[in-house]
Amino acid sequence: MQPIANRDPGTRLRELRKTARQYRERYGRLTGSVDFDRAESAMAVRTSRLRRLQDEAARIKTEIDSMSSEVIRIEKWVEFCLEDMIARTKEEHAEGWSPQPVLGFRLWVVHDDALYGVKMPWPGRALVASCLSRGGSEEIPHTDGRCGRLGCGVYAAKSVDPLYTGFDVEGAGNVALGLVALTGKVVEHDSGYRAAVATVVALGAAMGDRLLLTNHPGQIEA
């Protein structure tokens with residue numbers, strides 16, 4: 001639609017003005033011309049004001065479009081700064097949310113057909129870490145030292161050897177060795193990991209004269 005201030009008067013108005021000029025030329029001043037002059041003046045004033053407003057609106061729209069483009073560019077800049085800041089902080093504190101599971105090894109004691117870690121039994125294939133010192137589950141494993149030197153999280157080793165050299169396997173009785181998938185927040189150390197969640201994906205359990213070797217989720221759960 002054409003802006004009102006820029007459009008031509010309607011056909012009816014043009015015809016009426018033409019007729020009025022003819023009558024003025026023929027008879028001089030027309031009857032009711034005072035009201036007409038007031039109406040014409042009011043329309044001229046408002047048309048002029050409307051034209052200025054439309055020009056201002058066009059200028060504002062141009063400024064809005066330009067500012068919108070700037071905001072989009074700066075938003076990308078802010079995203080980059082945040083991503084860089086978070087990545088630098090994760091690197092500084094050796095932590096990261098792994099998009100793919102990180103594999104590690106664990107040892108358990110087998111008792112009453114359940115797997116027992118150093119501090120607690122596992123309720124099933126998966127164990128969700130909690131902070132025994134501070135409680136809660138947000139941002140676990142902690143990396144700021146709030147829960148002691150070792151820190152919270154589910155532990156796993158990068159290789160099997162440290163597990164056997166660091167624990168008295170022969171004196172532990174029935175034991176199980178397993179491969180676990182670490183997910184969520186995973187903190188890497190020299191010889192192992194601490195993770196928010198660990199899930200057993202393969203298990204070898206020696207229970208007396210029985211030996212279980214499986215990677216079947218249902219058998220591991222049982």
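Our structure is the block above this text.
Residues numbered from 1 in each chain as written. Predicted model: local features only at pLDDT ≥ 70, side-chain atom pairs only at ≥ 80, totals over all residues. Heavy atoms only, no water.

With reference to specific residues and values, describe the nonpolar core.
By size, the foremost hydrophobic cluster in this structure holds 25 residues, and its most contacted members are Trp108, Trp122, Val180 and Leu182. Contributing elements (two or more residues each) for this core: strand S2 (102–111), strand S5 (154–157), strand S6 (175–188) and strand S7 (192–207). In terms of residue count, the dominant contributor to this core is S7 (seven residues). Aside from chain neighbours lying at most four places away, what touches Trp122 is Arg106, Trp108, Leu115, Gly117, Leu127, Val154, Val180, Ala198 and Val200. (Core = buried A, V, L, I, M, F, W, Y, C linked by side-chain atoms within 4.5 Å. Buried < 20%, exposed > 50% of the residue type's maximum accessible area, 1.4 Å probe, protein only. Helix = DSSP H or I, 4+ residues; strand = E, 2+ residues; numbered from the N terminus. Contact = heavy atoms within 4.5 Å.)

Go over the pairing of strand S8 (residues 210–214), please, and point to the residues and values.
The pairing of S7 with S8 spans five bridges and is antiparallel. Counterpart to Ala206 in the pairing with S8 is Leu211. Hairpin remark: S7 followed by S8, antiparallel, with two residues in the connecting loop; positive phi at Gly208, about 65°. (Pairing = 2+ DSSP bridges.)

Could you give me a rundown of a nonpolar patch on the surface, with the residues and numbers involved?
On the surface, a cluster of nonpolar side chains totalling about 730 Å² of accessible area is made up of Ile74, Trp77, Val78, Phe80, Leu82, Met85 and Ile86. By the secondary structure assignment, Phe80 is in helix H2 (residues 33–92). (Patch = residues over 30% accessible without salt bridge, like charges linked within 9 Å, V, L, I, M, F, W, Y side chains within 5 Å. Areas by Shrake-Rupley, 256 points an atom, 1.4 Å probe, with all protein chains shown as cover. Salt bridge = Lys/Arg side-chain N within 4 Å of Asp/Glu carboxyl O.)

Let's hear about the packing of aromatic side chains: which residues, and what values?
Under the counting rule described, the total for this entry stands at two aromatic pairs. Between Trp108 and Trp122, the ring centres sit 5.3 Å apart and the planes meet at 85°, which makes this aromatic pair edge-to-face. You can see Trp108 sitting in strand S2 and its partner Trp122 sitting in the loop between strand S3 (114–116) and strand S4 (126–128), a full 14 residues away along the chain. For the pair Trp108 and Trp122, a shared accessibility class is recorded, and that class is buried. Lying across the ring of Tyr23, Arg26 places its NZ or CZ 5.2 Å from the centre. (Phe/Tyr/Trp six-rings, centres within 6.5 Å; stacked < 30°, edge-to-face > 60°. Lys NZ or Arg CZ within 6 Å of the ring centre and 35° of its normal.)

Tell me about the environment of Leu127, and name the residues and values.
Relative to the elements of secondary structure, Leu127 occurs in strand S4. The class of Leu127 is buried, set by a relative accessible area of 11%. It is 6.5 Å that separates the C-alpha atoms of Leu127 and Thr199, two residues lying 72 residues apart in sequence. Apart from residues lying up to four places away in sequence, Leu127 is in contact with Met120, Trp122, Val154, Ala196, Val197 and Ala198.

Run through a positive patch on the surface, naming residues and quoting values.
Positive charge collects at one region of the surface, where Lys18, Arg21, Arg24 and Arg29 lie side by side. You can see Lys18 is positioned in helix H1 (residues 11–27). (Lys, Arg positive; Asp, Glu negative; His and termini not counted. Charge placed at Lys NZ, Arg CZ, Asp CG, Glu CD.)

With reference to specific residues and values, describe the pattern of salt bridges.
Under the criterion given, the structure shown has five salt bridges. Residues Arg59 and Glu63 are paired through a salt bridge, measuring 3.1 Å at the closest nitrogen-oxygen approach. Taken together, the positions of Arg59 and Glu63, both in helix H2 and four residues apart, correspond to about one turn of that helix. Judged by its relative accessible area of 42%, Glu63 falls in the partly exposed class. When the shortest N-O distance is used, the salt bridge between Lys158 and Glu188 registers 2.7 Å. Here Lys158 is found in the loop between S5 and helix H3 (161–166), whereas its partner Glu188 is found in strand S6, with 30 residues between them in sequence. In this structure Lys158 comes out as partly exposed when scored by relative accessible area, which is 32%.

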